[in-house]
Amino acid sequence: MPSESEPRMLYTPPQQDKEGSETLEGLHFANDSNLSSHPHEFPEGGLAAWTTTFGAFLIQSCGFGYTTSFGVYQDFYTQHYLTNETSSAISWIGSLNTFLVTAVGLISGSLYDRGYFYHLIIAGSLLQSFSLFMLSLSKPDQYYQIFLAQGVGLGIASGLVYVPSIAVVSHYFQRRRTLAMTFVASGSSLGAVIHPIMLNNLLNGRLGFGNGVRASAGFVSVLLLIACLCMRTRLNPPMTPTNYIVATKKCIRDAPFIFMTAGGFFFQTGFYYPLFFIQLDSIKHGLSVTFSFYSLVILNVSNCVARVTSGFIAGFTGVPNLIIFATISGGVLTMGMIGLSSLASVVVLGVMYGYFAGLYIAMVAPLVATLTPDLSELGARMGICFFISGFGGLIGTPISGALLTSNYTWWIPAVFSGVVSVTGGMMYMIMRFIFVRRQIKENA
């Protein structure tokens, strides 16, 4: 999963509390390499700044927040709407949606750098609204209709708006940018809380699938319209956008970057298993249907808390150390889903996994910044890292669904997802070892 940000960034030296650590205050998003020389030009607030920030918050809530609510659809499709399909086939819908958010981000980020902000935001918002309304017209057991509308259409739409909505906030803030970016990032977490509650009550209520999805589409469309009206650019695009080909050649020769990318790939292979399957798992273990509807909400509330507190923790532990701790802990907790059988176990696993998952998401972007020697290439490196790592999220849940089988053998996908997640944590450990050794040699 991705990180919450992929735009080009500007860096100012942060305070380092640990070897190789970097607090979030050191990350400053920008789309113009000359911004740092004119800090007085940043409004650091005002009506236009905060309305743009609020618009970005709404975009994240409707985009990635809706994408990470797929666990509701996974449960509904499996039990009611796509009963002829396997859990693996259904998982492809959500995994492709998630992958396209980061994959299309490579294109939308490049177009954003060239000044196409409004084109991307408007086109992405219209496509997202259109895709959701098309999803509402999908018929039962018509897999291809749902796959095209939700997997392809919604994924491309979210990818078009994801990077530009985050990057535009950097036009208005420098000193207070961490505060603004934290607020924007919390939009996806809040969306991942609101949408599951709404969808569970709509899809399983009197409205049914068609009208329920249309009601959800109308709600999302209104929020996207407000976001488009709120957001405004302030700065001109850079004269020379980053050359991705040159940046890629440098990445291939950078060992810590390679292990970081490998760690992201392996961890994201198991990362989405709890998000997609915890609700279905709860129901199949005989827990209250009403409670099971809120299992994903519990996880996402904890996720939101983690994102807000991650910056403070990273100041003490360092970014590499925190992401190692989060990934290994997340992998162990994923394996712990083998024991999910009671209300208490769902709450404990949901809260703990949600928190470590939130720490991971929040730390990915700072980690890339920590390992980037030439910070003018930071945006390109983030795009490359997220694109390759995203393939883990693309294949992970379909593999887990195939291992689950129609007999719902829960321990097999839990072990698989947990092991690959821990493997990702081991890759991050190797990355840290090489990175620290390189720092020692450079300082010697």
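Participant: Which parts of the structure should I look at to understand the overall build of the chain?
Facilitator: In terms of regular secondary structure, the chain is built from 16 helices and two strands. Within the chain, the proportion of its 444 residues that are buried is 61%. A sequence separation of at least 24 residues applies to 84% of the contacts in the chain between residues at least 6 apart. Surface exposure of the chain reaches about 16,300 Å², of which carbon and sulfur atoms provide 68%.

Participant: Is there a simple way to explain the side chain of threonine 52 in this structure?
Facilitator: In this structure, threonine 52 sits in helix H1 (residues 47–62). Here threonine 52 falls in the buried class, since its relative accessible area comes to 0%. Within the structure, threonine 52 has its side chain in polar contact with the backbone nitrogen of arginine 232 (distance 3.2 Å).

Participant: Would you take a moment to explain the packing of aromatic side chains for this structure?
Facilitator: Think of a pair of aromatic rings as described by two things: how far the centres are apart, and how the planes are tilted against each other in angle. Under the criterion given, the structure shown has 28 aromatic pairs. On the numbers, 6.3 Å between centres and 25° between planes, the contact of phenylalanine 70 with tyrosine 73 is stacked. Within this pair, phenylalanine 70 and its partner tyrosine 73 are both found in helix H3 (residues 70–81), separated by three residues, close to a single helical turn. Accessibility expressed as a relative area gives 0% for tyrosine 73, which makes it buried.

Participant: Looking at this model, I keep getting lost on the nonpolar core. Mind explaining?
Facilitator: Nonpolar side chains tend to gather and get buried jointly when the protein is soluble and globular. Residues Tyr73, Tyr77, Leu135, Phe209, Met260, Phe271 and Tyr360 are the most contacted members of the largest nonpolar core, which totals 111 residues. In terms of residue count, helix H14 (residues 343–370) provides more of this core than any other element does, 14 residues in total. Setting aside anything within four residues of it in sequence, one finds methionine 260 in contact with Leu367, Val368, Leu371, Cys385, Tyr428 and Met431.

Participant: Which parts of the structure should I look at to understand the confidence of the model for the chain?
Facilitator: Interpretation of the predicted coordinates at a detailed level should be avoided for regions scoring low in pLDDT. Confidence along the chain averages 83 in pLDDT terms, with 88% of residues attaining 70 or more. Note on residues 1–37: pLDDT under 50 across the span, and 136 contacts to partners over four residues away in sequence or across chains.

Participant: Help me understand the pattern of salt bridges, please; the structure alone is not making it clear to me.
Facilitator: A side chain with one charge may pair with a side chain of the opposite charge, provided their charged atoms come close. According to the stated counting rule, one finds one salt bridge in the structure shown. Among the salt bridges present, the one from aspartate 254 reaches arginine 438, with a minimum N-O distance of 3.3 Å. Separated by 184 residues along the polypeptide, aspartate 254 in the loop between helix H9 (244–252) and helix H10 (255–284) and arginine 438 in helix H16 (residues 411–443) bring together distant segments of the chain.

Participant: What's the story with unusual backbone geometry in this structure? I'm lost.
Facilitator: Glycine aside, a negative phi is what most residues show, and trans is what most peptide bonds show. One non-glycine residue, aspartate 141, lies in the positive phi region at around 65°. Within the element layout of this structure, aspartate 141 appears in the loop between helix H5 (117–136) and helix H6 (143–167). For tyrosine 408, which is not glycine, the phi dihedral falls at a positive 55°. Relative to the assigned elements, tyrosine 408 resides in the loop between helix H15 (378–404) and H16. Owing to a relative accessible area of 23%, tyrosine 408 belongs among the partly exposed residues under this scheme.

Participant: I would appreciate a short explanation of the environment of methionine 239 in the present structure.
Facilitator: Looking at where methionine 239 falls in the secondary structure, it is placed in the loop between helix H8 (208–230) and H9. A sequence separation of 126 residues divides methionine 239 from aspartate 113, and the C-alpha atoms of the two residues are 9.0 Å apart.

Participant: Explain helix H4 (residues 87–113) to me, please; I cannot follow it from the model alone.
Facilitator: Quick reminder: α-helices carry 3.6 residues per turn. Residues three or four places apart thus point the same way. For H4, which comprises 27 residues, the first-to-last C-alpha distance of 39 Å matches the rise-based estimate of 39 Å (1.5 Å per residue) to within 8%. Along H4, the sharpest change in direction is near 35° and occurs at glycine 105. The element H4 is largely enclosed, with a buried count of 22 among its 27 residues.

Participant: Explain the side chain of asparagine 300 here, please?
Facilitator: Within the fold, asparagine 300 resides in helix H12 (residues 295–317). Residue contacts for asparagine 300: discarding those within four places in its chain leaves Thr68, Ser189, Ala192, Val193, Pro196 and Leu275.

Participant: I would appreciate a short explanation of the environment of valine 72 in the present structure.
Facilitator: By the element assignment, valine 72 lies in helix H3. Excluding anything up to four places from it in sequence, valine 72 contacts Pro196, Leu199, Asn200, Leu203, Gln279 and Leu296.

Participant: Help me out: how do you make sense of the state of the cysteines in this one?
Facilitator: A disulfide bridge is the covalent bond that connects two cysteines by way of their sulfur atoms. Counting across every chain of the model gives zero disulfides. With no disulfide of its own, cysteine 228 lies 9.3 Å from the sulfur of cysteine 230, the closest cysteine sulfur.

Participant: Sorry if this is basic, but what is going on with the packing of H1 against H6 here?
Facilitator: Two quantities define a packed helix pair, namely the angle between the axes and the distance from one axis to the other. Across the interface, H1 lies against H6 with an axial gap of 9 Å and an inter-helix angle of 155°. Looking at the two axes, H1 sits roughly antiparallel to H6. When the axes of H1 and H6 are compared, the crossing they make is left-handed. Counting all contacts with H1, which are made through Ala56, Ile59 and Gln60, the residues of H6 involved are Val161, Tyr162, Ser165 and Ile166. Classifying every residue of the contact of H1 with H6 by side-chain character gives five nonpolar, two polar and no charged.

Participant: How should I be thinking about the environment of isoleucine 258 in this particular structure?
Facilitator: Relative to the helices and strands, isoleucine 258 resides in helix H10. By relative accessible area, which is 41% here, isoleucine 258 ends up partly exposed. Filtering out sequence-adjacent residues up to four positions away, isoleucine 258 remains in contact with Cys251 and Ile252.

What counts, and at which threshold
Residues numbered from 1 in each chain as written. Predicted model: local features only at pLDDT ≥ 70, side-chain atom pairs only at ≥ 80, totals over all residues. Heavy atoms only, no water. Helix = DSSP H or I, 4+ residues; strand = E, 2+ residues; numbered from the N terminus. Buried < 20%, exposed > 50% of the residue type's maximum accessible area, 1.4 Å probe, protein only. Contact = heavy atoms within 4.5 Å. Areas by Shrake-Rupley, 256 points an atom, 1.4 Å probe, with all protein chains shown as cover. Polar contact = N/O pair within 3.5 Å; in protein donor to acceptor, adjacent residues only side chain to side chain. Phe/Tyr/Trp six-rings, centres within 6.5 Å; stacked < 30°, edge-to-face > 60°. Core = buried A, V, L, I, M, F, W, Y, C linked by side-chain atoms within 4.5 Å. pLDDT = per-residue confidence, 0-100. Salt bridge = Lys/Arg side-chain N within 4 Å of Asp/Glu carboxyl O. Expected span 1.5 Å × (residues − 1). Bend = angle between axes of the 7 residues up to and from the residue. Disulfide = S-S within 2.5 Å. Axes fitted to C-alpha atoms, helices over the stretch in contact; angles between N-to-C directions. Parallel < 35°, antiparallel > 145°, perpendicular 65-115°, else oblique. Left-handed = near helix turned anticlockwise from the far one by under 90°. Nonpolar A, V, L, I, M, F, W, Y, C, P; charged D, E, K, R; others polar.

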